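Tertiary structure, described
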Amino acid sequence: MDQFITNLMSRMTLKEKIGQLNLLASGSIVTGEGKNGGVSEKIKNGEVGGLFSLTGEKNLRAAQDIAVRQSRLKIPLIFGLDVIHGYKTEFPIPLASSCSWDMKAIENAAKISALEATADGICWTFSPMVDICRDGRWGRMAEGSGEDPYLGSLIARAMVRGYQGNSLSTGNTMMACIKHFALYGGVEAGREYNTVDMSRLRMFNEYLQPYEAAVKAGAGSVMTSFNTVDYIPSAGNKWLLTDLLRKQWGFKGFVVTDYTAIQEMVNHGVGKDLQEVSALALNAGTDMDMVSEGFLNTLEKSIAEGKVSVQSVDTACRRILEAKYKLGLFKDPYLYLSRKKAAKTTLTPANLKAARDIAAETFVLLKNDRRLLPLQKKGTIALIGPMAEAGPQMVGTWNVVSDPNLCPSLVKAMKESVGNNADILYAKGSNVCYDERLQENMSWGSIKWDSRKPEDIRAEALAVARKADVIVAAIGEPANGSGECSSRSDLTIFDAQKDLLQALKDTGKPVILVNFSGRPTVMTWEDRNFNAILNVWFGGTEAAPAICDVLFGDKVPSGHLSFTMPKSVGQIPIYYNHLNTGRPLGNEKWFTKFRSNYLDIDNEPLYPFGFGLSYTTFKYGPLTLDRNTMTGNDSIRASITVTNTGAYDGDEVVQFYIRDRVASISRPVEELKGFERIHLNRGESKTVNFVINADKLKFYNSQLQYVCEPGDFDVMAGPNCRDVQTCRFTLQ
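Residues numbered from 1 in each chain as written. Predicted model: local features only at pLDDT ≥ 70, side-chain atom pairs only at ≥ 80, totals over all residues. Heavy atoms only, no water.

Take the overall build of the protein chain next. Looking only at helices and strands, the protein chain has 23 helices and 27 strands in total. Taken along its principal axes, the extent of the C-alpha atoms in the protein chain is 75 × 65 × 45 Å. The buried share among the 732 residues of the protein chain stands at 62%. Summing over all exposed atoms, the protein chain offers an accessible surface of approximately 27,700 Å²; the carbon and sulfur share of this is 47%. Charge separation in the protein chain, taken as the distance between the mean sites of 83 positive and 82 negative side-chain charges, equals 3 Å. (Helix = DSSP H or I, 4+ residues; strand = E, 2+ residues; numbered from the N terminus. Buried < 20%, exposed > 50% of the residue type's maximum accessible area, 1.4 Å probe, protein only. Areas by Shrake-Rupley, 256 points an atom, 1.4 Å probe, with all protein chains shown as cover. Lys, Arg positive; Asp, Glu negative; His and termini not counted. Charge placed at Lys NZ, Arg CZ, Asp CG, Glu CD.)

If you want it as structure tokens, here you go:
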């Protein structure tokens, strides 16, 4: 590879080298403020290194033809796309998948996504998004894996392995892109593209771990974030891109910006014009400019003025060419373009089954008093709510090339599920909200506005409800109520739907809430007033059938929250692995003067991190340690036996947490350090072991040294971060 690229670069002009650093948007599906024009001519002139958002084998082949037949050096293009949670077969949104705690299923979903995308010409995905997020107001929380760095790191590794496999040159794997580097999930006020400001200690101990895990897993590329890091935009941050990413972590791939991020550095106030910020970005370690075309149009001038070196251009160009070489594009520019392969690979029965299976694993049963669930396939069931007949909404955000119209609605899926054994009655019940414009923005017009009076829509639903034995309320936010640039200031159920729920409650019929969301929902009122709540997120192509699998007991819910669900937006940011305060509230439930608490609400979340119920019950035996002291060179084994004491076979996620009781800096009250997803038949028991070694106890100290310090530690085990047993041991 080195010899090939050295030979190629010796024949390239400076303009052609800079051209490899230019990533353009071409196609009908583009996010951001615009797209590039004159693309074909630029490709012919050697001024384009890659394209994204261009889809369809015919279009991609035409673009590659220009590159390898009409350009001087015939360097192939790299084709990228936001394959976020599937290609044609859509899997659950990433936040939902994280609630499965199933690394094998997550890796398999990424593998299938790569198989489908590469069969259609795409060899580079802008995924995984590994940003830690503790503020549900941020819409892009839907695209990540929640609040925990340990769980997020395991998912990041699984997705990179799924996309890239053991080799990038097989033609059925694609290059992953870690995003958004770095800290993007920490935006202030949960507002998209906003400021991020945190200490280096918080970065290293809480936010950077998933990025590093994905780098260590071999991800081929990294995407910069829109925010500042230490008051410097990440695309121009040399400490971030060179000192940390390359020198400290050993990253060998290339760095690409997010959409127009170089151009936007001017808005941040770190440069006066595109030339200045482009030079800053290249010198910082950015290799590829997405859409801004600052590199293409200004670097030659900056080199002439001594602001950028030719060597810096050569280094960035080599990294791009290495990626193309590893993808096999120099050997066969059309390696990823096969109509026959695409027809045999996409939307296969096996792919759809995998999507349906993992979707069922992601649903989190939050409440099931009076054992309303599972439903029996008999009698009359009223399905009411604006999400009940919204089939295209089931896919969720970032469904770039899939056909949402292939997704059955929940109404259709329920009727197919019960057959002739039960009657399914349907009514819309309400619009998503009372604000037509807001509904349009969240559903992109695919949920039609009902212009009738709200009370008339509701009356129709109540007439249906009175005929039923049980009511299933399909409520929540539309698919684009979360996702990029979908920040919200209020996370409660929308006004129109809350009025509908109150009316359904007043019928006296049993009501089951099925909540669609891409973020935490504040359901304090709903938790008080309804006996059954199932969070189903956005489950992808097979979401509706998977929901029916769980509602009717063909599958048992097993999802566990990968984030904390607050009682009030006023508690945000709220997360389980927080530091203690000098005046903790302790065991008090209500306001106590001169303690860290609120006047009007207690400190506890509505549902804690790791929480999730099942149709069966699990009994945890005593937590035991095989020893209570250790040195840095040995380990302790924690063990706990879990028994399925209920009436159904089911899966449980057994979680292990550690607390460092005394350290040189303040440490979290608990941190997830291990878990195991286990299957137990009725009456079956299994002992789960957790090995504690020095690596499980390490943290970054005030000098940013990665150390473990002697002292006392608590190890905790249970079904979530709150309901745990605790043992203590000492590191000598």
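Attention now goes to the UniProt feature "domain: Fibronectin type III-like" (unreviewed entry) in the protein chain. What UniProt calls "domain: Fibronectin type III-like" (unreviewed entry) maps, in this numbering, to residues 652-721. Secondary structure across residues 652-721 comprises 6% helix and 56% strand; the distance between its end C-alpha atoms is 14 Å. (UniProt positions renumbered as here; feature names shortened; annotations may be inferred.)

All right, on to the state of the cysteines then. By the definition in use, this model includes zero disulfides. The thiol of Cys99 is unpaired, and the distance to the nearest cysteine sulfur, on Cys133, comes to 13 Å. Residue class for Cys99 comes out buried when judged on its relative accessible area of 0%. (Disulfide = S-S within 2.5 Å.)

This paragraph deals with the pairing of strand β16 (residues 532-535). Residues Ala532 and Leu534 of β16 are buried on one face, and the alternating residues Ile533 and Asn535, pointing to the opposite face, are buried as well. The sheet contact formed by strand β11 (residues 364-368) and β16 spans four bridges and is antiparallel. Of the residues in β16, the one forming a bridge with Asn368 is Ala532. Relative to β16, strand β15 (residues 511-516) runs parallel, the two being bridged by four bridges. By the bridge assignment for β16, Leu513 is matched with Ile533. What joins β15 to β16 is helix α21 (residues 524-529), and the crossover it makes is right-handed. (Pairing = 2+ DSSP bridges. Right-handed = clockwise from strand over helix to strand, strands pointing away.)

Let us look at the sheet that holds strand β9 (residues 254-256). Think of a sheet as strands paired side by side through backbone hydrogen bonds, with each pair either parallel or antiparallel. Strand order in the open sheet formed by three strands is β5-β6-β9, and the pairing between neighbours is parallel. Where the open sheet ends on each side, the last strands, each with one partner, are β5 (177-181) and β9. Strand-to-strand twist across the sheet, computed as the mean angle between neighbouring axes with direction ignored, equals 25°. As defined by bridge partners, strand β6 (residues 221-224) adjoins β9 across three bridges and the pair is classed as parallel. By the bridge assignment, Ser221 is partnered in β9 with Phe254. (Axes fitted to C-alpha atoms, helices over the stretch in contact; angles between N-to-C directions.)

We now examine helix α17 (residues 410-418). Buried within α17 we find Leu410, Val411, Ala413, Met414 and Val418. Buried residues along α17 cover an arc of 165° about the axis, so they all sit on one side. The inward-facing, buried residues of α17 contact β12 (380-384), β13 (423-427), β14 (470-476), β15 and α22 (543-551). Of the residues flanking the end of α17, it is Gly419, one or two places downstream, whose phi is positive at about 60°. (Arc of directions from axis to C-beta. Contact = heavy atoms within 4.5 Å.)

We now examine the confidence of the model for the protein chain. One rule of thumb: low pLDDT means the predicted coordinates there are not for detailed reading. Per-residue pLDDT for the protein chain averages 96, and the proportion of residues at 70 or more is 98%. The model gives residues 28-34 a pLDDT under 50, and that stretch makes twelve contacts with residues more than four places away or in other chains. (pLDDT = per-residue confidence, 0-100.)

Quick look at helix α19 (residues 454-465) now. With twelve residues, α19 ought to run about 16 Å at 1.5 Å a step, and its terminal C-alpha atoms sit 16 Å apart, in line with that. The set of residues buried in α19 consists of Ile457, Arg458, Ala461, Leu462, Val464 and Ala465. Considered in projection along α19, the buried side chains sweep an arc of 155° and stay on one side of the axis. (Expected span 1.5 Å × (residues − 1).)

For the rest of this paragraph, the subject is the nonpolar core. Of all hydrophobic cores here, the largest spans 218 residues; its most connected members are Leu51, Trp124, Phe181, Leu208 and Phe516. Residue contacts for Phe516: discarding those within four places in its chain leaves Met387, Met394, Leu410, Ala474, Ile475, Gly476, Glu477, Val536, Trp537, Phe538 and Ile547. Ile636, Val654, Val688 and Ile692 belong to the second largest nonpolar core, which has 23 residues in total. (Core = buried A, V, L, I, M, F, W, Y, C linked by side-chain atoms within 4.5 Å.)

In terms of backbone geometry, most residues other than glycine have negative phi values and most peptide bonds are trans. A cis geometry characterises the amide bond from Ser127 onward to Pro128, with omega recorded as 10°. Relative to the helices and strands, Pro128 resides in the loop between β4 (124-125) and α7 (149-164). Residue Pro573 is reached from Ile572 by a cis peptide bond, and omega for that bond is 0°. Even without being a glycine, Glu293 presents a positive backbone phi close to 60°. Of note, Glu293 is situated in the loop between β10 (289-290) and α13 (294-304).

Next up on the list: the environment of Ser199. Within the fold, Ser199 resides in the loop between β5 and α8 (200-207). Along the sequence, Ser199 and Asn597 sit 398 residues apart, while their C-alpha atoms lie 24 Å from each other. A distance of 3.1 Å separates the side chain of Ser199 from the backbone nitrogen of Arg202, its partner in a polar contact. (Polar contact = N/O pair within 3.5 Å; in protein donor to acceptor, adjacent residues only side chain to side chain.)

What follows concerns the packing of aromatic side chains. The final tally for this structure, using the stated rule, is 27 aromatic pairs. Taking 6.3 Å as the distance between ring centres and 90° as the angle between the ring planes, the aromatic pair formed by Tyr150 and Phe675 counts as edge-to-face. Placement of the pair is Tyr150 in helix α7 and Phe675 in strand β22 (residues 671-680), with a sequence separation of 525 residues. On the basis of relative accessibility, which here comes to 17%, the residue Phe675 falls in the buried class. Seen from their ring centres, Tyr700 and Tyr706 are 4.7 Å apart, and the 35° between their planes marks the pair as tilted. Classification of Tyr700 as buried rests on a relative accessible area of 11%. Looking at Tyr706, the relative accessible area reads 45%, which means it is partly exposed. (Phe/Tyr/Trp six-rings, centres within 6.5 Å; stacked < 30°, edge-to-face > 60°.)

The subject of this paragraph is the side chain of Ser153. Mapped onto the fold, Ser153 is located in helix α7. The buried category is assigned to Ser153, whose relative accessible area is 7%. Ignoring sequence-local partners within four residues, the contact set of Ser153 consists of Gln209, Pro210 and Ala213.

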